[in-house]
There are 4 protein chains.
Amino acid sequence: MNQDETALFSSDLVLEMEDVINVSSLKHKETGIKVDNVVIEGIPVSDVTITDQGEKNTNKKAGRYLSFHLADSDGEKKNVVQVISHAMTSLVESPERYKKILVVGLGNARVTPDALGPGVINYLNVTEHLDVKPTPSLSTFVPGVMGVTGLETEALIKGVVKETKPELVILIDALKARHVERVNRTIQLSNTGIQPGSGVGQKRQSIDQAYLGVPVISMGIPTVVDAVTVTYDAMTVMSKYFNKAQEALRAPKQRLFQGVLHVGDIEETEPLTGSEANKYFGLFGSLSTDDQRHLINEVLTDEGRNLIVTPKSIDDDIHYLQQLLAKGIHDYIENAANKV
Amino acid sequence: MNQDETALFSSDLVLEMEDVINVSSLKHKETGIKVDNVVIEGIPVSDVTITDQGEKNTNKKAGRYLSFHLADSDGEKKNVVQVISHAMTSLVESPERYKKILVVGLGNARVTPDALGPGVINYLNVTEHLDVKPTPSLSTFVPGVMGVTGLETEALIKGVVKETKPELVILIDALKARHVERVNRTIQLSNTGIQPGSGVGQKRQSIDQAYLGVPVISMGIPTVVDAVTVTYDAMTVMSKYFNKAQEALRAPKQRLFQGVLHVGDIEETEPLTGSEANKYFGLFGSLSTDDQRHLINEVLTDEGRNLIVTPKSIDDDIHYLQQLLAKGIHDYIENAANKV
Amino acid sequence: MNQDETALFSSDLVLEMEDVINVSSLKHKETGIKVDNVVIEGIPVSDVTITDQGEKNTNKKAGRYLSFHLADSDGEKKNVVQVISHAMTSLVESPERYKKILVVGLGNARVTPDALGPGVINYLNVTEHLDVKPTPSLSTFVPGVMGVTGLETEALIKGVVKETKPELVILIDALKARHVERVNRTIQLSNTGIQPGSGVGQKRQSIDQAYLGVPVISMGIPTVVDAVTVTYDAMTVMSKYFNKAQEALRAPKQRLFQGVLHVGDIEETEPLTGSEANKYFGLFGSLSTDDQRHLINEVLTDEGRNLIVTPKSIDDDIHYLQQLLAKGIHDYIENAANKV
Amino acid sequence: MNQDETALFSSDLVLEMEDVINVSSLKHKETGIKVDNVVIEGIPVSDVTITDQGEKNTNKKAGRYLSFHLADSDGEKKNVVQVISHAMTSLVESPERYKKILVVGLGNARVTPDALGPGVINYLNVTEHLDVKPTPSLSTFVPGVMGVTGLETEALIKGVVKETKPELVILIDALKARHVERVNRTIQLSNTGIQPGSGVGQKRQSIDQAYLGVPVISMGIPTVVDAVTVTYDAMTVMSKYFNKAQEALRAPKQRLFQGVLHVGDIEETEPLTGSEANKYFGLFGSLSTDDQRHLINEVLTDEGRNLIVTPKSIDDDIHYLQQLLAKGIHDYIENAANKV
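Residues numbered from 1 in each chain as written. Chains lettered and ligands numbered in written order. Predicted model: local features only at pLDDT ≥ 70, side-chain atom pairs only at ≥ 80, totals over all residues. Heavy atoms only, no water.

## Regarding the interface of chain A and chain B
Next, step 1: Contacts between chain A and chain B engage 44 residues on the former and 44 residues on the latter.
Next, step 2: Here chain A and chain B share an interface that buries about 3700 Å² over both sides, 68% of which is from carbon and sulfur atoms.
Next, step 3: Linking chain A to chain B there are zero salt bridges.
Next, step 4: Our count for the contact surface shared by chain A and chain B stands at 15 residue pairs in polar contact (both at pLDDT 80 or more).
Next, step 5: A total of nine residues in the side of chain A that touches chain B trace back to one element, the largest contributor, which is helix 9 (residues 227–250) of chain A.
Next, step 6: For the side of chain A that touches chain B, the per-class residue count stands at 26 nonpolar, six polar and 12 charged.
Next, step 7: Summarising the sheet, strand 9 (residues 308–311) of chain A and strand 9 (residues 308–311) of chain B pair through three bridges and their orientation is antiparallel. Looking at the pairing, P311(A) lines up with V309(B) of strand 9 of chain B. (Contact = heavy atoms within 4.5 Å. Buried area = accessible area lost by both parts, 1.4 Å probe. Salt bridge = Lys/Arg side-chain N within 4 Å of Asp/Glu carboxyl O. Polar contact = N/O pair within 3.5 Å; in protein donor to acceptor, adjacent residues only side chain to side chain. Helix = DSSP H or I, 4+ residues; strand = E, 2+ residues; numbered from the N terminus. Nonpolar A, V, L, I, M, F, W, Y, C, P; charged D, E, K, R; others polar. Pairing = 2+ DSSP bridges.)

Spelled out as structure tokens, the structure:
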């Protein structure tokens, strides 16, 4: 998780980049961002490729990012495990080439919303130390966080990689989201590594293939948001709601019966724009959504009110997510073993 | 903590009742609410009394509520312990009368922000079972929550009180706040007991002196807020900020030098009103603060977006608060022992 | 677990009573102890009945005790769950009569080997609080231990039973064994309740049907032994080993080839007796096994060396056992529901 | 802790080597073992030096070992902290030379008796990452255990040391004792590093100055013993008891009054020898103490009964010991800082 968590616009999710959100896959030559929406095991997966040109245009590293959402429904677990495993296979392309895998659990095991990575390790069955070991073999490492170790996490990982020589490194980390509904819901996998403190002024070393010398898969799930996000999301929900409510009011049925207004699901509704936005939300409403977020961030940060929060249910959520990722990794390894 | 946590306007803090906030202590005969602001051990404490008339006017039980805030500064701990102990003594009036104390830790020990009560118990030194026991003696009870026990918490407590016959019961519970800055900060003590699910349609039995048959002190600290609160607070901060910014812009110094605008601390600033509120925030801004909160709540709840959240730092915070309350209880007992 | 854990001969297992061990099922009229050995789901189960006469002859409460051992092999789990469930059904005779079940987890959740009971609760799905609840319904209670609550555990349970009126109470507790190989291995179920501090001078109230007013099933697994037990067991193993070794030495094969002596499994071998016992172990060896244990206990207790110990693997073991008992209870409830 | 814990005679304590126990400090030229008994802060400390010759004679690495016991009494804590700090200073000789310290917590954080090392880390305040850092600065590392990581612990440490370049490494590990009374009681500090699986056939790489390239202090406390140890200790206690009892019986007072025999404290009493040993314990008693232990080990190991155990109180004990070592390290750093 980012060290400086109050950073403006910080999000660890590629899906939350404006450029990705708005880009059409046709014009990806100019933007350097290619977005494919595919369906794996019945689950919609966003497949984003950022070229070197794209990296210059954004603050996201060039590479490939696969993202998908967990649904509310129970019983989806098996599907999700297969999507994770499928996405990993897709990112490494030739899973049979990597015969020694190291899984690194980033984050602080004693801070519940930051314990995603260390907790996944507890659910993995390592094999690297066995006399007769399967291929690929599995080992794990929990480096801890700088506030507890006093050491740069990237240096610890590099030292261990140099000494133990894995052929593929899987990094797992809790992320920060810019949309409340993604918290404990969106799973992002990429081959770009992890940038500690990305989006923050202070540049820190990326933990990636260039740095470690071996291919890297990173897996992350956002577990926290800031007050700016909660507020911005709520204002956007209200703007959409008012928009839909206006339509609903104009419907003949509503005009005839004048009953209680049922606005219903606003998933597909746009926020208000133009004079409507101004009518309901004044100058604030007239700002672009980007500027609205900027403004909320500026004010809350100035006043020291930009609290980082996590759902009250985090204790249960995090155990579920840890097990899910561990199962995904085991499934990937089994598939890779079958190809060896 | 309330069972139905999305309840409109739910707050467990008396300080957050509009009536308390607005009342002048002069006119308390009509409202039935008397507010005294005192200073104990250098810390400002709000001392609210609600009469039977006041109970009818509000949804808060008649009795006395003492509340105060933890400051940021370290090293305040000793003071705070004494304020807790002093407030307890003040609520029971004659501490020497209660020779057998039972502390009940409410909440779910396995949900971090709900573990305030069960955790306090871990820091208490019980004496009830000793052959030679001090007066007052101390015993503890952790009833668990209905989702885990399947039983009504109030019934468990009543059963134990009947069987073990304490002379004073201290209830400890994590609360829900309606203002972000109170989270893990405001300590409220009262002699009114605890109403599970207060403010929620479904009426549940109060855990109070009438129900248990012995005097009750309840101690609570809010550890969660909902998205409505985060949003409402942020909008209010912005409104205050704009108000102060307008003043700052009118200042000669700012007009002359046209530098970066420093708005500064807005603690004492009021939110915008009237045409100014409308200019910046449109129809939304024109609503009363009460209606704004109602509106945000209605929309977020309708759309299933009213997440309950807790600070990311909750793991550390909760341990600190548990120890604080335990020390306060020990200090109260020591003082009571000296009076016996 | 017994409060006074250094009590001479203390064991919570009926299987470890000399009378049970030696009794033949034929002469049970005099002893008041009837022992049947049956096989359930492929697992040998000892079914001991103690009559009122038997209670006078022993320090064990009259009633029925079912005991069995967990084997080393994996994959036995399903069988074991069914044996637990079968034994419970057998103890209550008419499971369809008990429509409201309360499971009580005895012991200290923060002392690993004592956390069996409280931990089982975490794996149970309660239903008592549901609007539409199955029959039998399930609720739970964790009273804590006297050192933490200051209160007598039996009083807490009685208070809760009076107030919530279950029709069947299931007590779960960690026990103490008198044989090392039973630790984390032997499961004992009975309908006699639990005697806190049984076998200890100080008589405490039994938690049983007479006290609570409803039928009681108690389930226990030993998780600790004392140094006396470890020592006595080791001396007995040595005595058996020497006995078997003497036989082995007399075998023609051994006399011919004079190779390394392979003593092999001594499970079926008796300890040395008479002059052989004296030869190898002197006066100590000449004592009855009972007196040997008495002597070791006397000396270690006198010298303050009778440490209570638990296997190093207790953290893993206890979680496994907690889940096992919880599954057994769920299976019992499912079976009972089918009979309603 | 040793990987192969059933290893014959395995002990991680130098104090438990026969050679150390029996050696007189006069003849240390031949044995290569020098034993000094000193008193630091009122606590007796054994100061053992093993030369290269001594290393050949024993299976203990050449270097210096400082050991002392925790007493029962409360309130000794401050003294003990100073002894730890003093011993560390003594082992490094010039503390002001080592400006960057890495503390490594060995063992499995999820196995209570093995969590000594990882737990100490939780109580340390690291400074290595601060912009303005004190000298010496402090950092920490928890490598995990091979069963969880699949990797050799020594390789992980070496990788981290190479990459982060500390000037002094402090290793903390839970040990295994050969005497029950040392468990959670004896603290051993040395400059020889740690030998994973020392005393076991399979040779593993030592974690020491030669391997890591920087000076090493290792700190250990035994937290487990095996059944052999418990048995051997109990038999020895009995032998001493009988010896003292015989003397007591011969005392005129006892002969006159024939009351209950009070044997009293046997701390200073020797076990029985010669014909007396044979009388009470037969052939077993006639063996040398060394051979007795060998025999018990052989039989229990053959029969798969050599359980590793830990005191029932381990949960509380381990937290106390973790804090103690952390305070010792902080005190050492403070002293070193004053010398810089």
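Let us keep going from here.
## Examining the pairing of strand 9 of chain B
Residue and element names in this part refer to chain B.
Next, step 1: Alternating residues of strand 9 divide into I308 and T310 and V309 and P311, and every residue in both groups is buried.
Next, step 2: The pairing of strand 8 (residues 216–226) with strand 9 spans two bridges and is classified as antiparallel. Bridge assignment links V225 to a residue of strand 9, and that residue is V309. (Buried < 20%, exposed > 50% of the residue type's maximum accessible area, 1.4 Å probe, protein only.)

## Examining the interface of chain D and chain C
Next, step 1: Facing the 44 residues of chain D at the interface are 44 residues of chain C.
Next, step 2: For the pairing of chain D and chain C, the buried interface totals around 3700 Å² over both sides, and the portion due to carbon and sulfur atoms is 68%.
Next, step 3: On the chain D side of the interface with chain C, the three residues burying the most area are E303(D), R305(D) and K312(D), jointly 18% of the side's total.
Next, step 4: Linking chain D to chain C there are zero salt bridges.
Next, step 5: Between chain D and chain C we count 13 residue pairs in polar contact (both at pLDDT 80 or more) in total.
Next, step 6: Broken down by secondary-structure element, the contributors of at least two residues to the side of chain D that touches chain C are helix 9 (227–250), helix 11 (274–286), helix 12 (289–302) and strand 9 (308–311) of chain D.
Next, step 7: The element best represented in the side of chain D that touches chain C is helix 9 of chain D, accounting for nine residues.
Next, step 8: Residues of the side of chain D that touches chain C, tallied by class, amount to 26 nonpolar, six polar and 12 charged.

## Considerations on the packing of helix 9 of chain D against helix 11 of chain D
Residue and element names in this part refer to chain D.
Next, step 1: Where helix 9 meets helix 11, the axes come as close as 10 Å, and the angle between the chain directions of the two elements is 160°. If you check the angle between helix 9 and helix 11, you find them roughly antiparallel. Two packed elements cross with a definite hand, and for helix 9 against helix 11 that hand is right-handed. Contacts from M235, M238, S239, F242 and Q246 in helix 9 reach E276, K279, Y280, F281 and F284 in helix 11.
Next, step 2: A breakdown of the residues in the contact of helix 9 with helix 11 according to their chemical character gives six nonpolar, two polar and two charged. (Axes fitted to C-alpha atoms, helices over the stretch in contact; angles between N-to-C directions. Parallel < 35°, antiparallel > 145°, perpendicular 65-115°, else oblique. Left-handed = near helix turned anticlockwise from the far one by under 90°.)

## Overview of the domain arrangement of chain A
All names here are of chain A.
Next, step 1: According to the domain assignment, chain A consists of domain 1 (3–224 + 311–339) and domain 2 (229–309).
Next, step 2: Facing the 13 residues of domain 1 at the interface are 12 residues of domain 2.
Next, step 3: For the pair domain 1 and domain 2, the two sides together bury roughly 1100 Å², of which 60% comes from carbon and sulfur.
Next, step 4: One can count zero salt bridges joining domain 1 with domain 2. (Domains from an automatic or database assignment.)

## Section: the relation of the copies chain D and chain C
Next, step 1: Placing chain D over chain C gives an RMSD of 0.1 Å and needs a rotation angle of 180°, together with 0.0 Å of translation along the axis. Between the two chains, the operation in question is that of a two-fold axis. No C-alpha of chain D approaches the rotation axis more nearly than that of G282(D), which lies at 1.8 Å.
Next, step 2: Taken as a fraction of all interface residues of chain D, those also at the interface in chain C reach 100%, which identifies the copy contact as same-surface. (Least-squares fit on C-alpha atoms with pLDDT ≥ 70 in both.)

## Details of the relation of the copies chain A and chain B
Next, step 1: The transformation that overlays chain A on chain B combines an axial shift of 0.0 Å with a rotation of 180°, and the residual RMSD is 0.1 Å.
Next, step 2: A share of 100% of the interface residues of chain A reappears at the interface of chain B, consistent with the copies meeting face to face through the same patch.

## Digging into the nonpolar core
Next, step 1: Counting residues in hydrophobic clusters, the biggest one holds 58 residues, and the most contacted among them are M238(C), F242(C), F281(C), F284(C), M238(D), F281(D) and F284(D).
Next, step 2: Within the residue set of this core, elements represented by two or more residues are helix 9 (227–250), helix 11 (274–286) and helix 12 (289–302) of chain C together with helix 9, helix 11 and helix 12 of chain D.
Next, step 3: Setting aside anything within four residues of it in sequence, one finds M238(C) in contact with F281(C), F284(D), L295(D), I296(D) and V299(D).
Next, step 4: Grouped together as the second largest cluster of nonpolar side chains are 57 residues, L13(A), M238(A), V180(B) and I296(B) included. (Core = buried A, V, L, I, M, F, W, Y, C linked by side-chain atoms within 4.5 Å.)

## A word on the packing of aromatic side chains
Next, step 1: Counted under the stated rule, the structure contains 14 aromatic pairs over all chains.
Next, step 2: Relative to F284(D), the ring of F281(C) has its centre 5.8 Å away and its plane inclined at 45°; by these criteria the two rings are tilted. Of this pair, F281(C) sits in helix 11 while F284(D) sits in helix 11, which puts the two residues in different chains.
Next, step 3: What makes F284(D) buried here is its relative accessible area of 3%. (Phe/Tyr/Trp six-rings, centres within 6.5 Å; stacked < 30°, edge-to-face > 60°.)

## With respect to helix 9 of chain D
Next, step 1: The first and last C-alpha atoms of helix 9 of chain D sit 35 Å apart over 24 residues, in line with the 34 Å expected at 1.5 Å per residue.
Next, step 2: With 19 of 24 residues buried, helix 9 of chain D is to be regarded as a mostly interior element. (Expected span 1.5 Å × (residues − 1).)

## Brief notes about the pattern of salt bridges
Next, step 1: Per the counting criterion, the structure on display carries 28 salt bridges over all chains.
Next, step 2: The salt bridge involving D47(B) is made with R64(B); its shortest N-O contact spans 2.9 Å. Of this pair, D47(B) sits in strand 2 (residues 43–50) while R64(B) is found in strand 3 (residues 63–69), placing the two residues 17 residues apart along the sequence.
Next, step 3: For D47(B), a relative accessible area of 11% corresponds to the buried category.
Next, step 4: Two residues, D226(D) and K176(D), come together in a salt bridge whose shortest N-O distance is 3.5 Å. Of this pair, D226(D) sits in strand 8 (residues 216–226) while K176(D) sits in strand 6 (residues 168–176), and the two are 50 residues apart along the sequence. Across the pair, K176(D) and D226(D) agree in class, each one buried.
Next, step 5: Shared partners join several salt bridges into a network, and the residues in it are K100(A), E128(A) and K133(A).

## A word on unusual backbone geometry
Next, step 1: Of note, the bond from T135(B) into P136(B) is cis; its omega dihedral lies within 30 degrees of zero at 0°.
Next, step 2: Notably, E41(A) is not glycine yet its phi reads approximately 50°, a positive angle.
Next, step 3: Of note, E41(A) is situated in the loop between strand 1 (33–40) and strand 2 (43–50).
Next, step 4: With phi around 50°, K165(D) is a residue other than glycine that occupies positive phi space.
Next, step 5: With respect to the helices and strands, the residue K165(D) is situated in the loop between helix 7 (153–164) and strand 6.
Next, step 6: With a relative accessible area of 57%, K165(D) lands in the exposed category.

## Examining the pairing of strand 2 of chain A
Two faces make up the sheet, and in a regular strand the side chains alternate between them.
Residues and elements named next belong to chain A.
Next, step 1: In terms of burial, strand 2 is largely enclosed, as six of its eight residues are buried.
Next, step 2: With five bridges connecting them, strand 2 and strand 3 (residues 63–69) associate as antiparallel partners. Looking at strand 3, one finds that S46 is bridged to S67.

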